[in-house]
Amino acid sequence: MEARNSQKIIIQQLSEDLEDLESYIKDLWQFLPLPTCYVNPFQIVLDANSALEEFFGWRVSELIGEKMEKLFIEKNQAQKIYQKILKTGRITNQESKVLTKANQEKFVNISATTRRGNKGSIIGYYLAFSDVSEFKKLQAGLEKMVEERTKELQKKVQELEKLNKLATGRELKMVELKKEIVRLKIELEKTRL
Amino acid sequence: MVLISKTEIEEIIKNKGEVIGASFKEDLEFILEKEGKEGLKKLEEEMKKLGYPIDFKKIKSFQWYPLSLNMLYLVVAKDVFDWPDDLFRENGRFSARISLIARIMMKYIISLERCFNEAGNFWQKYYTVGRLTTENFDKKNRTAFLVLKDFTGHPVFCHVLEGYFWQVISYVVPKEKLKVKEIECIFKEGKTHKFQVTW
């Protein structure tokens, strides 16, 4: 009877510990400000956090069980990521384009790491997306500005070259004219003599 | 007021064994999703009227609760919300998607064989009664049978299981052709609950 009671107490304690652990994992997972998900080897999303929900616009319950390719513009991207992660075990800041539920394209940097089972085999991987859309917009704006400025400069250079050509042509003409004057003067002198 | 006969309640209460609280929490989320807070309140009130009060918010994930209570609130939900069979299948699919137990078992959801091999283990994480086994796993012809023995349950729960099994198996096979159908049921003169899986 006593042994049974102490067994009951141990089970109760273990249950409470598991509750605490569950709440800890849940809180941590939901706190992570980076959109993150867990994917199995078939590229099926098995878990996701609220940051991902907010970023992509899909509810976690809608996304779980769906193919990871759903998040990408290029559908083979998911497979490529998986192949790369199988090879390297880790991906850091790989540029990619994703698609939100509202069909909005976003630029992201992807980081991923494998999850291994007890025997060391890969049983899935975690994937995190850093939104770099604003940075990309800025970058594109800067590139456009540089391009415009370069075009302006090229135009100015062309104008200068044209002007230069004109000036050089005039100079040459002047030289020729001067030569002509000298020649005519000589001829005039000869005629007078 | 729910219209469940006294005989039906007695039959449901005969269900022995326990179920883990995490399962109740999954159902709680589904009820909130479909019926909102008002719906949940209504369900809890009806359970209280029947003499089986349940406070879903106080359920602990890793505590065990009577299986009969699980079956009863599903039947009450069917009556109160007028849920069709398909919504119970959706309940099962939803549960598997948000399931804490499924998260614990994720390490086994890495291949079709492993998934079927671990069916019994999966079941034991949820229930203290019943044995779930895989029979005639045929990868070539894309069929298998999940057989649940020593378990009564309730017909609505059979649909929940169809949905749950479908969702978990969909993690390892393309879901376009995946079907899970109960082909033998103890409520239809069968000896066990037998689910045919084709993919």
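Every chain's residues receive numbers from 1 upward, in the order its sequence appears when written. Working convention: letters from A go to chains and numbers from 1 go to ligands, in the order in which they are written. pLDDT decides what is reported in this predicted model: residues at 70 or higher carry local features, side-chain atom pairs at 80 or more are listed and counted, and totals for whole chains, interfaces and linings draw on all residues regardless. Side-chain numbers here rest on the full set of heavy atoms in the structure, without hydrogens or water.

### Examining the sheet that holds strand β5 (residues 179–184) of chain B
All names here are of chain B.
- When DSSP finds two or more bridges between a pair of strands, those strands are recorded as paired. Helical segments are the DSSP runs of H or I of at least four residues, strand segments are the runs of E of at least two, and each set is numbered from the N terminus. Read across the open sheet, the four strands follow the order β3-β4-β6-β5; overall the sheet is antiparallel. Edge positions in the sheet fall to β3 (131–138) and β5, since each of these pairs with one other strand and no more. In this sheet, adjacent strand axes meet at a mean angle of 25 degrees when their direction is disregarded.
- With six bridges connecting them, strand β4 (residues 143–149) and strand β6 (residues 193–198) associate as antiparallel partners. Paired with Thr143 across the bridge in β6 is Thr198.
- Any pair of residues with heavy atoms lying within 4.5 Å of one another is described as a contacting pair. For every element, the axis is a line fit to its C-alpha atoms; helices are fit only across the contacting stretch, and the angle between N-to-C directions ranges from 0 to 180 degrees. Relative to the sheet, helix α7 (residues 119–126) contacts β3 and β4, its axis offset from that of β3 by approximately 160 degrees.

### Digging into the packing of helix α2 (residues 21–49) of chain B against helix α3 (residues 67–81) of chain B
Residues and elements named next belong to chain B.
- Direction vectors running N to C along α2 and α3 enclose 65 degrees, while the axes themselves pass 10 Å from each other. For α2 against α3, the interelement crossing comes out left-handed. Across from Ser23, Phe24, Asp27, Ile31, Glu35, Gly39, Lys42, Leu43, Glu46 and Met47 in α2, the residues of α3 making contact are Leu69, Asn70, Leu72, Tyr73, Leu74, Val76, Ala77, Val80 and Phe81. Should the near helix be turned anticlockwise from the far one by less than a right angle, the crossing is left-handed, and should it be turned clockwise, the crossing is right-handed.

### Observations concerning the domain arrangement of chain A
- Looking at the assigned domains, one finds that chain A contains domain 1 (1–31), domain 2 (34–131) and domain 3 (133–193).
- What counts as a domain boundary in this text is fixed by an automatic or database domain assignment. For domain 1 of chain A and domain 2 of chain A, the distance between their C-alpha centroids amounts to 31 Å.

### Topic: the nonpolar core
- Residues A:Leu127, A:Phe129, B:Phe122, B:Leu146, B:Phe157 and B:Ile169 are the most contacted members of the largest nonpolar core, which totals 101 residues.
- The element best represented in this core is α3(B), accounting for 11 residues.
- What A:Phe129 contacts, discounting residues up to four positions off in sequence, is A:Leu34, A:Pro35, A:Cys37, A:Leu52, A:Phe56, A:Leu71, A:Phe72, A:Val98, A:Val108, A:Asn109 and A:Ile110. What we call a nonpolar core is a set of buried Ala, Val, Leu, Ile, Met, Phe, Trp, Tyr and Cys residues that are connected through their side-chain atoms within 4.5 Å. Under the scheme applied here, a residue whose accessible area is under 20% of the maximum for its type counts as buried, over 50% as exposed, and between as partly exposed, the area being computed with a 1.4 Å probe on protein chains only.

### Observations concerning the UniProt feature "coiled-coil region" (unreviewed entry) in chain A
- UniProt positions are given in the numbering used here, feature names are shortened, and annotations may be inferred rather than shown by experiment. UniProt's entry tags residues 143–180 of chain A with the feature "coiled-coil region" (unreviewed entry), counted in the numbering of this structure.
- Helix and strand shares over residues 143–180 of chain A are 100% and 0% respectively, and the end C-alpha atoms of the span are 54 Å apart.

### Side note on the side chain of B:Ser170
- Following the sequence through the fold, B:Ser170 ends up in the loop between α8 (155–169) and β5.
- Contact partners of B:Ser170, with chain neighbours within four places excluded, come to A:Ile44, B:Lys175 and B:Leu178.

### Considering the pairing of β4(B)
All names here are of chain B.
- With six of seven residues buried, β4 is to be regarded as a mostly interior element.
- Where β3 lies against β4, six bridges are found, and the strand directions are antiparallel. Residue pairing for β4: Asp138 is matched across the bridge by Thr143.
- Where β3 hands over to β4, the hairpin turn is made up of four residues, of which Arg142 adopts a positive phi near 55 degrees.

### Thoughts on the domain arrangement of chain B
All names here are of chain B.
- Domain parsing of chain B yields domain 1 (6–93) and domain 2 (110–198).
- Each of domain 1 and domain 2 has a C-alpha centre, and these two points are 21 Å apart.
- Every contact between the two is made by 23 residues of domain 1 and, on the other side, 19 residues of domain 2.
- When a carboxyl oxygen of Asp or Glu lies within 4 Å of a side-chain nitrogen of Lys or Arg, that pair is called a salt bridge. Here domain 1 is connected to domain 2 by one salt bridge.
- With its nearest N and O atoms 2.7 Å apart, the salt bridge here joins Glu162 to Arg89.
- Polar contact criterion, stated in full: a pair of N or O atoms within 3.5 Å, where within protein one must be able to donate a hydrogen and the other to accept it, and residues adjacent in sequence count only if both atoms are side-chain atoms. Seen at the junction of domain 1 and domain 2, the total is eight residue pairs in polar contact (both at pLDDT 80 or more).
- Elements represented by at least two residues in the side of domain 1 that touches domain 2 include exactly α1 (6–13), β1 (18–20), α2, α3 and α4 (85–98).

### Focus: the packing of aromatic side chains
All names here are of chain B.
- Here is the rule: rings of Phe, Tyr and Trp (six-membered ring for Trp) pair when centre to centre is within 6.5 Å. Planes less than 30 degrees apart are stacked, more than 60 are edge-to-face, and the remainder are tilted. Going through the model one piece at a time under the given rule, you end up with 25 aromatic pairs over all chains.
- For the ring pair Phe30 and Phe94, a centre distance of 5.4 Å and an interplane angle of 55 degrees mean the geometry is tilted. On the criterion of sequence distance, the pair formed by Phe30 in helix α2 and Phe94 in helix α4 is long-range, its members being 64 residues apart. There is no split in this pair, since Phe30 and Phe94 are both buried.

### Describing the UniProt feature "domain: PAC" (unreviewed entry) in chain A
- Within this structure's numbering, the places UniProt gives as "domain: PAC" (unreviewed entry) are residues 92–144 of chain A.
- Across residues 92–144 of chain A, helical content stands at 23% and strand content at 57%; the span's end C-alpha atoms are separated by 28 Å.

### Some details on a nonpolar patch on the surface
Residue and element names in this part refer to chain A.
- Residues Leu18, Leu21, Tyr24, Ile25, Leu28 and Phe31 make up a contiguous nonpolar surface patch of roughly 630 Å² in combined accessible area.
- Among the secondary structure elements, Leu21 is positioned in helix α1 (residues 2–31).
- A residue is classified by how much of its surface remains accessible, and Leu21, at 46% relative accessible area, is partly exposed. Any residue with relative accessible area above 30% and no salt bridge may belong to a patch, with like charges joined within 9 Å and the nonpolar Val, Leu, Ile, Met, Phe, Trp and Tyr side chains within 5 Å. We get accessible surface area from the Shrake-Rupley algorithm with a probe of 1.4 Å; when it comes to residues, only the shown protein chains can shield them.

### Description of the packing of α2(B) against α4(B)
Residues and elements named next belong to chain B.
- Relative orientation of the contacting elements α2 and α4 amounts to 120 degrees, with a least axis distance of 9 Å. Classified by the angle their axes make, α2 and α4 are oblique. Note on packing geometry: the crossing formed by α2 with α4 is right-handed. The residues of α4 that touch α2, namely those facing Glu26, Asp27, Glu29, Phe30, Glu33 and Lys34, are Leu87, Glu90, Asn91, Phe94, Ser95 and Ile98. Oblique is the label for every angle not falling under 35 degrees (roughly parallel), over 145 degrees (roughly antiparallel), or within 65 to 115 degrees (roughly perpendicular).

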